[in-house]
Amino acid sequence: MARLVTVATVDEIPPGQAITVELDEFDILIAHVEGEGFFAIDDRCTHDDGPLGEGELLGYAVECPRHGATFDVRSGAALKLPAIQPVTPYRVEVEGNEIKVALPY
């Protein structure tokens, strides 16, 4: 059963921006995709463990700053080499002004 944890408010993440948060043993990137909402994925590139939160968010894709791999923040899918494995996505809920992420326990 998932546990919802408040990570930010909607005002803290403007459209086209992302933040990273540490929740227990999880490093998570929270992205605000303009016109689509808020999404959460692991903050570590599956190619070499690079910090995705230090990369650029371009629409729904975040680019790893180390080697240019990109991931879809909506699903976690790897979009561009050198990454071929997806990152873990997390369910996001917005309740009022609060952005909540579902942790897998």
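Up top you'll find the structure we're talking about.
We now turn to the structure provided with this report.

Cut-offs applied
Residues numbered from 1 in each chain as written. Predicted model: local features only at pLDDT ≥ 70, side-chain atom pairs only at ≥ 80, totals over all residues. Heavy atoms only, no water. Salt bridge = Lys/Arg side-chain N within 4 Å of Asp/Glu carboxyl O. Helix = DSSP H or I, 4+ residues; strand = E, 2+ residues; numbered from the N terminus. Buried < 20%, exposed > 50% of the residue type's maximum accessible area, 1.4 Å probe, protein only. Pairing = 2+ DSSP bridges.

1. Remarks on the pattern of salt bridges
For the structure on display, the rule yields seven salt bridges. Here D48 makes a salt bridge to R66, at a shortest N to O gap of 3.8 Å. Note that D48 is positioned in the loop between β4 (37–42) and β5 (57–58) and R66 in the loop between β6 (61–63) and β7 (70–72), a separation of 18 residues in sequence. Taking the relative accessible area as the measure of exposure, R66 reaches 47% and is therefore partly exposed. The salt bridge involving D72 is made with R74; its shortest N-O contact spans 2.9 Å. Ionic contacts of the salt-bridge type, sharing partners, join the residues E36, D72 and R74 into one network.

2. What to know about the pairing of strand β10 (residues 92–95)
Of the strand pairs in this sheet, β10 and strand β11 (residues 98–103) are connected by four bridges, and their pairing is antiparallel. When the sheet's bridge partners are listed, E93 is paired in β11 with K100.

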